[in-house]
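Below are the chains, spelled out letter by letter.
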Amino acid sequence: MTVITRFAPSPTGRLHVGNIRTALHNWMFARAQGGRFLLRIDDTDAARSEERFVDAIRSDLDWLGMTPDGEERQSARFALYETRFAALVESGHIYPAYESAQELDLKRKIQAGRGLPPIYDRAALSLTEAQRAAFERDGVAPHWRFKLDHDTPIAWTDLIRGEQHFEARTMSDPVIRRADGSWLYMLPSAIDDADMGVTHVVRGEDHVSNTALQLQMFAALGAPAPQFAHEALLTGAEGKLSKRLGSLGADHFRDVGIEPQAVRALLARIGTSDPVEPITDAAPLIATFDFARFGRAPARFDEGELAQVNARILHALPFADVADRLPEGMGETAWEAVRPNLVTLADAADWWRVIEGPVAVEPLGGDEDAAYLDQALVAAAAIDWASDPWHALTSQLKAETGRKGKALFLPLRRALTGRDHGPDMVALLPLIGRERALARLAAARAS
Ligand code: GLU
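Conventions we followed
- Residues numbered from 1 in each chain as written.
- Predicted model: local features only at pLDDT ≥ 70, side-chain atom pairs only at ≥ 80, totals over all residues.
- Heavy atoms only, no water.
- UniProt positions renumbered as here; feature names shortened; annotations may be inferred.
- Near = heavy atom within 4 Å.
- Polar contact = N/O pair within 3.5 Å; in protein donor to acceptor, adjacent residues only side chain to side chain.
- Areas by Shrake-Rupley, 256 points an atom, 1.4 Å probe, with all protein chains shown as cover.
- Nonpolar A, V, L, I, M, F, W, Y, C, P; charged D, E, K, R; others polar.
- Helix = DSSP H or I, 4+ residues; strand = E, 2+ residues; numbered from the N terminus.
- Buried < 20%, exposed > 50% of the residue type's maximum accessible area, 1.4 Å probe, protein only.
- Axes fitted to C-alpha atoms, helices over the stretch in contact; angles between N-to-C directions.
- Parallel < 35°, antiparallel > 145°, perpendicular 65-115°, else oblique.
- Contact = heavy atoms within 4.5 Å.
- Core = buried A, V, L, I, M, F, W, Y, C linked by side-chain atoms within 4.5 Å.

The protein chain carries the name Glutamate--tRNA ligase in an unreviewed UniProt entry, which gives Sphingomonas aerolata as its organism. What the UniProt record of the protein chain gives under Subcellular location (unreviewed entry) is the line "Cytoplasm".

In structure tokens form, the structure reads like this:
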């Protein structure tokens, strides 16, 4: 059996971090199983679906390195839905209902008044031919409900949640098509999953009760049901379902300098029993992917943690992975010198400016440091720059002045880089080079 998963977003907005996580898990599982990962654009709702969001979904997946093996669009598949719908009406699995929204609302209020659950009473099923004809004559178009089978228990073994049971009797026959002919999500999705041979549906646990209904749809369609994995939802760092999560997407992460590898590494692991690690390559993440390691508790998404993972990923990224995003002229040695100090890749450009100059040097603290820099200038002119100039410079100055630690290093770092902190001077000084180093020491001395 070839595993087929699908990520099925509705193009009514940008993907948010929760969607991205679902896409990632579908992609990882397919890759782990040597299967196929499909992108299905759920665009049956023409009014709310927008082409720019379809494009954004594609480019977000691309940015994250999760290129689908195939793409389908529900809007191109209406003919198939019509055929299956007609067959299900014919076989009595779908029936027309004529109640208005107000009538349905009133029924629910009455039920609530009697302490009953708001389950649809199936009044439409008892309409006579004549009553139906009267509605049609009055121009009342029906909406359509899927008739649940009350006698067959609904059960499945969820790959994350374990044994699941639902009682069809306790659920309303779901409306699957509106009076204007438009589709609700549930039936087209089941038709597509069956038609596309989807073997595993991985989605958020907000869909658990939909699954109960869709299992009966698969049965009515005469199609084997896929397996299901419903993952616990994401919460914000503060532990609550947060509005902010709904607006955090790939565009935001890109804007604040987060690498796609960091998004992947974090979202692959939060909510699982595996630790979040700065894993750059997809392969080791995929190799450890296992639904059995997913917890039932909400997964906590913390932007601070993402920033940390991002920094650690940057510290491990090879030059080739970033070369086209580095400033002109910045080579592999410079990348390796500054890499351990980066929080985001944009910081590399700052350090490149420190290397290339000009650097602004703060005025010195006192005469003592001025005298020290005089000595440094003489020493820097004399040392051999070919191998390890920092070591040569500091050991000479240490011997001459008796300075050590901060007193030895800090005035030099300040004069040479204009900053108190930064990449290891052993790596930085050769990049700054003799000319610039001498000029900077002289300038610092004069300031
Ligand atoms: N379009 C549906 C949604 O975005 C798909 C859900 C599913 O994965 O079946 O909620």
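Undergrad: So what exactly am I meant to see when it comes to the site of the ligand here?
TA: Taken together, Arg6, Ala8, Ser10, Asp42, Tyr185, Ser189, Arg203 and His207 make up the full set of residues adjacent to the ligand. Contact distances for the ligand include 2.7 Å between a nitrogen atom and a side-chain N or O atom of aspartate 42. In the model, an oxygen atom of the ligand is placed 2.7 Å from a nitrogen or oxygen of the arginine 203 side chain. Burial of the ligand by the protein chains amounts to 79% of its free accessible area of 300 Å². Of the residues that constitute the shell around the ligand, the class distribution is two nonpolar, three polar and three charged.

Undergrad: What am I meant to see in the UniProt feature "binding site: ATP" (unreviewed entry) in the protein chain here?
TA: The UniProt entry lists Lys243 under the feature "binding site: ATP" (unreviewed entry), expressed in the numbering used here. Here lysine 243 lies in the loop between strand S11 (234-235) and helix H8 (250-255).

Undergrad: How do you make sense of the environment of isoleucine 110 when you look at a structure like this?
TA: You can see isoleucine 110 is positioned in helix H4 (residues 101-113). Residue isoleucine 110 is classed as partly exposed on the basis of its relative accessible area, which comes to 42%. Separated by 42 residues in the primary sequence, isoleucine 110 and proline 68 have C-alpha atoms spaced 49 Å apart.

Undergrad: Would you mind going over the packing of helix H3 (residues 78-90) against helix H6 (residues 186-195) with me for this structure?
TA: Packed helices, taken two at a time, are described by the angle between their axes plus the distance between the axes. With their axes 10 Å apart at the nearest point, H3 and H6 run at an angle of 105 degrees to one another. Overall, the two elements H3 and H6 adopt an arrangement that is roughly perpendicular. Facing H3, whose interface residues are Leu80, Tyr81, Arg84 and Leu88, H6 presents Leu187, Pro188, Ile191, Asp192 and Asp195. For the contact of H3 with H6, the class distribution of residues is six nonpolar, no polar and three charged.

Undergrad: Looking at this model, I keep getting lost on the UniProt feature "short sequence motif: 'HIGH' region" (unreviewed entry) in the protein chain. Mind explaining?
TA: Those residues carrying the UniProt feature "short sequence motif: 'HIGH' region" (unreviewed entry) are residues 9-19 in this numbering. Spanning residues 9-19, this segment combines 27% helix with 0% strand, and its end C-alpha atoms are found 8 Å apart.

Undergrad: Please clarify how the nonpolar core should be interpreted in this entry.
TA: In summary, soluble globular proteins display a tendency toward joint burial of nonpolar side chains. Judged by nonpolar contacts, the single largest core of 89 residues is most densely connected at Phe253, Val263, Phe301, Trp335, Val338 and Leu412. Broken down by element, the residue count for this core peaks at nine residues, all from helix H18 (residues 425-446). Setting aside residues up to four positions removed in sequence, valine 263 forms contacts with Ile20, Trp63, Leu64, Phe253, Ile258 and Leu306. By size, the runner-up hydrophobic cluster in this structure holds 32 residues, among which are Leu38, Phe85, Met171 and Met196.

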